[in-house]
Amino acid sequence: MDLEGVIHSNNPIKRDSWKTVLTLAYQSLGVVYGDLSTSPLYVYKSTFAEDIQHSETNEEIYGVLSFIFWTLTLIPLLKYVFIVLRADDNGEGGTFALYSLLCRHARVSSIPNCQLADEDLSEYKNDESEFGDKDDSGSGLKTTLEKCRLLQRLLLVLALIGTCMVIGDGVLTPAISVFSAVSGLELSMSKEQHQYVELPVACAILVFLFALQHYGTHRVGFLFAPVVITWLLCISAIGVYNIVHWNPHVYEALSPYYMYKFLKKTQRSGWMSLGGILLCMTGSEAMFADLGHFSQLSIQIAFSFVVYPSLILAYMGQAAYLSKHHIIESDYQIGFYVSVPEKIRWPVLAIAILAAVVGSQAIITGTFSIIKQCSSLGCFPKVKIVHTSSKMHGQIYIPEINWTLMLLCLAVTIGFRNTKHMGNAAGLAVITVMLVTTCLMSLVIILCWHKNVILALCFIFFFGSIEALYFSASLIKFLEGAWVPIALSLIFLAVMYIWHYGTLKKYEADVQNKVSINWMLSLGPNLGIVRVRGIGLMHTELVSGIPAIFSHFVTNLPAFHQVVVFLCIKSVPVPHVRPEERFLVGRVGPKEYRLYRCIARYGYRDVHKDDLEFEKDLVCSIAEFIRSEKPEIDLGIEDTGECEKMTVVGTLSSSFEGVKLCEDDSSTVGTSEVKEIQSQLTQRSKKRVRFVVPESPRLDRDVREELRELMEAREAGMAFILGHTYVRTKSGSSWLKKVVINYGYDFLRKNSRGPSYALSIPHASTLEVGMVYYV
């Protein structure tokens with residue numbers, strides 16, 4: 001499953017034709033805007049769930065409509081579409097995209113094994129020319145962030161809070177969307193029948209939705225855009241009908257003066273009702289989070305010309321209808337369906353349910369994606385990640401998370417059974433993510449865009465004050481449902497931070513206990529043991545030095561492999577690493593030791609290859625390093641430490657002009673140089689296996705011998721040596737550290753996936769050993 005070519009074949013927005021942009025805009029309607037477009041189902045109902053009386057003057061209705069209009073205009077349209085979308089991380093968006101930008105520009109990365117070589121990646125630095133002249137007034141802030149560990153931790157916690165709230169949104173959005181859509185049944189049956197039908201139907205739809213996740217979005221994705229477009233056309237047409245038929249003067253409510261009149265008349269009740277109004281921008285964060293699947297221009301076009309006008313017409317239509325119906329004698333009060341003409345309620349109900357399912361699907365997929373990012377950057381335990389599409393790199397499925405979300409979603413639906421409490425919970429999750437984005441964006445403006453601090457302060461003051469007003473209105477409803485996202489976030493935040501802290505301590509222990517190369521050199525070329533045929537692949541988190549687990553093997557086993565590779569699979573704070581920059585390969589010790597270090601670098605949105613492809617890439621990268629290595633003086637007996645020379649080598653799929661692996665029956669492929677570098681063992685096998693070497697000056701005898709030995713070792717088999725490092729607290733440590741390391745991190749480690757599952761490491765045979773470090 002090689003998706004690298006697909007990932008890196010996307011051209012920048014400027015090169016896209018209008019046909020491509022419009023196609024992406026059409027596709028984005030089904031993926032990005034499903035959640036945002038279904039918000040008219042529950043906004044008015046959640047807003048008037050407070051003690052707000054609907055009077056004859058219509059000041060309440062007009063005030064709410066004015067708030068909705070200006071909220072949609074300022075936050076989704078102005079903030080996200082025209083400002084935040086520009087803060088992409090090489091085409092990727094979301095909370096972690098902002099955090100990765102800050103990590104690179106201010107060196108506040110939470111990844112412990114970062115190297116200077118990572119900064120040479122082509123995607124490491126963004127093109128900042130589009131932002132005009134640079135302003136270095138933020139250099140003091142950058143220096144402070146790089147020196148202060150506390151600020152770095154606070155920045156990490158802030159990014160994790162935003163991530164946790166997105167996960168909470170993945171629980172609450174399907175619940176409120178599906179429940180609100182199904183609530184239309186109350187208009188077509190009696191109250192007694194309705195209360196026995198609504199909840200089971202909503203739960204059945206939710207179970208069906210989560211049960212379909214393992215098939216992948218791409219199998220039913222072609223239906224998403226038509227469903228959302230049909231829904232948007234439907235609500236905008238109903239809105240126009242209601243405006244014309246009931247109150248053509250409803251446009252007057254768009255004046256901000258009605259917001260002032262609303263708050264002045266309703267006072268505390270009106271302020272609390274803002275928690276329902278903010279639901280009109282539910283799903284706005286998806287425009288930024290899903291940026292990697294589309295383009296900036298396509299999302300801007302789709303929202304500005306389709307979604308935004310449709311939503312405004314829908315809300316104006318509901319307000320026009322309600323302005324002429326002040327007395328509604330039923331429990332559903334002023335829900336969406338009362339403004340729908342009776343003749344088309346059943347078709348609208350069906351379309352609403354489909355749209356709710358589409359919107360829920362988008363947030364569930366987004367939850368999978370952000371958890372994968374967290375796991376890649378060492379902030380979430382390793383989980384099983386299934387790629388459901390061979391063409392779209394973002395289509396993944398995580399079984400453990402899927403069923404956890406389903407159970408939590410059903411618990412919320414059954415526990416609350418009304419949109420009021422669900423809306424309070426969803427509102428707090430949504431506005432918290434937006435506040436986090438605003439805070440991170442202000443830092444991006446200073447550190448990444450190099451704009452004046454005053455501009456960043458204006459950004460955070462203007463948008464932050466609006467969002468803080470909504471946040472306070474949501475937080476005051478803590479006991480009425482808002483406690484749910486807080487509880488979920490605290491649980492996920494604890495899991496993430498404990499895992500990150502434990503992983504960091506484990507890496508520090510690995511560094512402190514690594515073996516000096518002087519010890520290894522004293523053993524001689526055979527390391528004091530018998531060297532048997534084959535490749536020993538030893539996984540380690542270290543990017544330099546010799547792991548302690550290696551000395552443990554050498555001193556306790558009678559034999560070891562003729563070729564040893566210290567393999568480090570690491571994540572770097574960029575979305576993707578190009579195939580031609582995948583591997584860093586170096587030599588550990590003198591040539592006759594046959595010890596190599598190979599660092600495979602992946603971005604937080606990259607797809608890991610399967611075993612066979614990875615094995616070929618790994619062996620060929622080492623062979624290319626051997627071929628292209630410049631003749632230099634061998635390493636001395638001193639401890640080289642961090643001074644190991646590493647060479648950047650690409651994968652086979654990158655079409656680099658280097659050594660390739662050939663497995664066929666043909667004897668005519670390649671040059672005379674190729675025929676020399678093949679294993680003697682292949683003469684007895686059906687297939688000829690050899691290295692295909694590009695046209696170059698004749699290779700040195702030692703190089704040919706080393707390549708032949710590498711091939712023989714590859715044919716003999718590859719063994720994966722997995723070292724399990726356990727960390728325990730030292731005596732005298734604080735009780736909090738003991739709880740976190742000895743119980744919290746240990747529990748997560750035992751219940752998470754191992755590297756052989758999570759990282760697709762080739763392992764013909766696996767040998768495991770454990771070591772205990774005290775931190």
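Parameters at a glance
- Within each chain, residues carry numbers counting from 1 in the order of the written sequence.
- Note on the predicted model: pLDDT of at least 70 is required for a residue's local features to be given, and 80 or more for side-chain atom pairs to be given and counted; whole-chain, interface and lining totals, by contrast, use all residues.
- Processing note: side-chain calculations cover all non-hydrogen atoms of the structure and skip hydrogens and water entirely.
- Helical segments are the DSSP runs of H or I of at least four residues, strand segments are the runs of E of at least two, and each set is numbered from the N terminus.
- Relative accessibility decides the category of a residue: with a 1.4 Å probe and only protein chains considered, values under 20% of the type maximum give buried, values over 50% give exposed, and everything between is partly exposed.
- Pairs of residues are marked as contacts when any of their non-hydrogen atoms sit within 4.5 Å.
- Note on areas: Shrake-Rupley, 1.4 Å probe, and residue coverage restricted to the protein chains presented here.
- Nonpolar cores are built from buried Ala, Val, Leu, Ile, Met, Phe, Trp, Tyr and Cys residues. Side-chain atoms within 4.5 Å join them into one set.
- One requirement defines pairing of two strands: DSSP has to find at least two bridges between them.
- Here is the rule: rings of Phe, Tyr and Trp (six-membered ring for Trp) pair when centre to centre is within 6.5 Å. Planes less than 30 degrees apart are stacked, more than 60 are edge-to-face, and the remainder are tilted.
- Confidence of the prediction at every residue is given by pLDDT, a number between 0 and 100.
- In the sections that follow, a salt bridge refers to a side-chain nitrogen of Lys or Arg positioned within 4 Å of a carboxyl oxygen of Asp or Glu.
- Only residues whose relative accessible area exceeds 30% and that form no salt bridge are eligible for patches; like-charged ones are grouped when within 9 Å, while nonpolar side chains (Val, Leu, Ile, Met, Phe, Trp, Tyr) are grouped when within 5 Å.
- Axis lines are fitted through C-alpha atoms, for helices just across the contact stretch, and the angle between N-to-C directions can take any value from 0 to 180 degrees.
- Oblique is the label for every angle not falling under 35 degrees (roughly parallel), over 145 degrees (roughly antiparallel), or within 65 to 115 degrees (roughly perpendicular).
- When residues are grouped by polarity, Ala, Val, Leu, Ile, Met, Phe, Trp, Tyr, Cys and Pro land in nonpolar, Asp, Glu, Lys and Arg in charged, and all others, Gly among them, in polar.
- Expected helix span is computed as 1.5 Å times (number of residues minus one).
- Directions pointing from the helix axis toward each C-beta atom define the arc.
- Cysteine sulfurs are considered disulfide-paired once they come within 2.5 Å of each other.
- The handedness criterion is simple: a crossing whose near helix is rotated anticlockwise from the far helix by less than a right angle is left-handed, and one whose near helix is rotated clockwise is right-handed.

**Digging into the overall build of the chain**
- Tallying secondary structure elements over the chain gives 27 helices and 11 strands in all.
- Residues counted as buried form 58% of the 775 residues belonging to the chain.
- Within the chain, residue pairs in contact and separated by at least 24 positions form 84% of the contacts whose partners lie at least 6 positions apart.
- On the chain, roughly 31900 Å² of surface is accessible, and the fraction owed to carbon and sulfur atoms is 59%.

**Quick notes on the nonpolar core**
- Grouped together as the largest cluster of nonpolar side chains are 164 residues, with contacts concentrated most on Tyr33, Tyr44, Ile68, Phe303, Tyr315 and Tyr470.
- Ranked by residues supplied to this core, first place goes to helix H18 (residues 419-447) with 17 residues.
- Setting aside chain neighbours within four positions, we find Tyr470 in contact with Phe67, Thr71, Leu274, Ile277, Leu278, Met281 and Ile431.

**Brief notes about the environment of Phe459**
- Summarising the element assignment, Phe459 is placed in helix H19 (residues 453-475).
- In this view, Phe459 contacts Lys79, Ile83, Thr438, Met441, Ser442, Ile445 and Gly464; residues no more than four positions away in its chain are not counted.

**Looking at the side chain of Ser66**
- With respect to the secondary-structure elements, Ser66 resides in helix H5 (residues 59-82).
- The exposure class assigned to Ser66 is buried, which follows from its relative accessible area of 0%.
- In this structure Ser66 touches Ala253, Leu254, Ser255, Pro256, Tyr258 and Met259, once residues within four positions along its chain are discounted.

**Focus: the environment of Ala117**
- Its place among the elements puts Ala117 in the loop between helix H6 (95-106) and helix H7 (139-147).
- Remark: the alpha-carbon pair of Ala117 and Leu584, spanning 467 residues in sequence, is separated by 8.7 Å.
- Beyond its immediate stretch of four places on either side in the chain, Ala117 contacts Leu584 and Arg601.

**Some remarks on the pairing of strand S6 (residues 595-603)**
- When you tally the buried positions in S6, you get 9 out of 9 residues, the bulk of the element.
- A two-sided burial pattern is seen for S6, the buried positions comprising Leu595, Arg597, Ile599, Arg601 and Gly603 on one face and Tyr596, Cys598, Ala600 and Tyr602 on the other.
- Two strands pair when backbone bridges link them, and strand S4 (residues 559-572) and S6 are joined in this way by 9 bridges, in the parallel orientation. Looking at the pairing, Leu567 lines up with Cys598 of S6.
- Direction of pairing for strand S5 (residues 583-587) relative to S6: antiparallel, over a ladder of 5 bridges. Residue pairing across strands places Arg587 opposite Tyr596, the latter belonging to S6.

**Points about unusual backbone geometry**
- In this structure, Gln267 is a non-glycine residue whose phi angle is positive, near 55°.
- Along the chain, Gln267 turns up in the loop between helix H12 (257-266) and helix H13 (268-277).
- The class for Gln267 is exposed, based on a relative accessible area of 56%.
- Positive phi outside glycine occurs at His450, with the angle close to 55°.

**Focus: the environment of Leu457**
- Tracing the backbone shows Leu457 in helix H19.
- Spatially, the C-alpha atoms of Leu457 and Ile446 are 9.6 Å apart, while their sequence positions differ by 11 residues.

**A word on the packing of aromatic side chains**
- Throughout the structure, instances matching the rule amount to 18 aromatic pairs.
- Aromatic side chains Tyr62 and Tyr258 sit 5.4 Å apart centroid to centroid with 80° between the ring planes, which places their arrangement in the edge-to-face category. Residue Tyr62 is found in helix H5, and its partner Tyr258 is found in helix H12; the two are separated by 196 residues along the sequence.
- Residues Phe336 and Tyr337 carry aromatic rings whose centres are separated by 5.3 Å and whose planes lie at 75° to one another, so their mutual orientation is edge-to-face.
- Overall, the relative accessible area of 4% leaves Phe336 in the buried class.

**Side note on the confidence of the model for the chain**
- Across the chain, the average pLDDT comes to 80, with 81% of residues at or above 70.
- Taken as a whole, residues 665-676 scores under 50 in pLDDT and shows 25 contacts with residues more than four places along the chain or in a different chain.

**Details of the pattern of salt bridges**
- Summed over all chains, the structure comprises 17 salt bridges.
- Glu59 is the partner of Lys261 in a salt bridge, and the nearest nitrogen-oxygen pair spans 3.4 Å. With a gap of 202 residues between them, Lys261 in helix H12 and Glu59 in helix H5 connect regions that are remote in the sequence.
- Bridged by salt links that share partners, the residues Glu59, Glu60, Lys261 and Lys265 form one connected network.

**Some thoughts on a nonpolar patch on the surface**
- A surface patch of nonpolar side chains, amounting to about 520 Å² of accessible area, comprises Trp735, Leu736, Val739 and Tyr743.
- Along the polypeptide, Leu736 turns up in helix H26 (residues 735-750).

**A word on the packing of helix H2 (residues 18-31) against helix H11 (residues 224-246)**
- Running from N to C, H2 and H11 point in directions that differ by 80°, and their axes come no closer than 7 Å. In terms of their interaxial angle, H2 and H11 are classed as roughly perpendicular. Across the interface between the two elements, Tyr26, Leu29 and Gly30 from H2 touch Phe224, Ala225, Pro226, Val228, Ile229 and Leu232 from H11.
- The residue makeup of the contact of H2 with H11, split by class, is 8 nonpolar, 1 polar and no charged.

**Quick notes on helix H17 (residues 399-416)**
- Look at H17: 26 Å from first C-alpha to last across 18 residues, which is about the 26 Å you get at 1.5 Å a residue.
- Those residues of H17 that fall on the buried side of the exposure criterion are Pro399, Ile401, Asn402, Leu405, Met406, Cys409, Leu410, Val412, Thr413 and Phe416. An end-on view of H17 places all buried positions within 160° of arc, on one side of the element. In H17, the exposed residues that point more than 90 degrees away from the buried face are Leu407 and Gly415.
- Once H17 finishes, Arg417 follows within two positions and takes phi at roughly 60°, a positive value.

**Describing the side chain of Asn58**
- Along the chain, Asn58 turns up in the loop between helix H4 (43-47) and H5.
- The class of Asn58 is buried, set by a relative accessible area of 9%.
- When near neighbours in sequence (up to four residues on either side) are disregarded, Asn58 contacts Leu322, Ser323 and His326.

**Some details on the state of the cysteines**
- Overall, the coordinates contain 0 disulfides when judged by the stated rule.
- A disulfide-free cysteine, Cys448 has its sulfur positioned 9.7 Å from the sulfur of Cys103, the nearest such atom.
- Cys448 sits in the buried class, given a relative accessible area of 3%.

**Details of the pairing of S4**
- Of all 14 residues in S4, 13 are buried; the element is thus mostly enclosed.
- As paired strands, strand S3 (residues 530-539) and S4 are joined by 8 bridges and run parallel to one another. Residue pairing for S4: Gly536 is matched across the bridge by Val564.

**Digging into the packing of H11 against helix H15 (residues 296-322)**
- Relative orientation of the contacting elements H11 and H15 amounts to 40°, with a least axis distance of 7 Å. The orientation of H11 with respect to H15, classified from their angle, is oblique. Seen from above, H11 lies across H15 with left-handed handedness. Contacts from Leu232, Ile235, Ser236, Gly239, Val240, Asn242, Ile243 and Trp246 in H11 reach Val306, Val307, Ser310, Leu311, Leu313, Ala314, Met316, Gly317, Ala320 and Tyr321 in H15.

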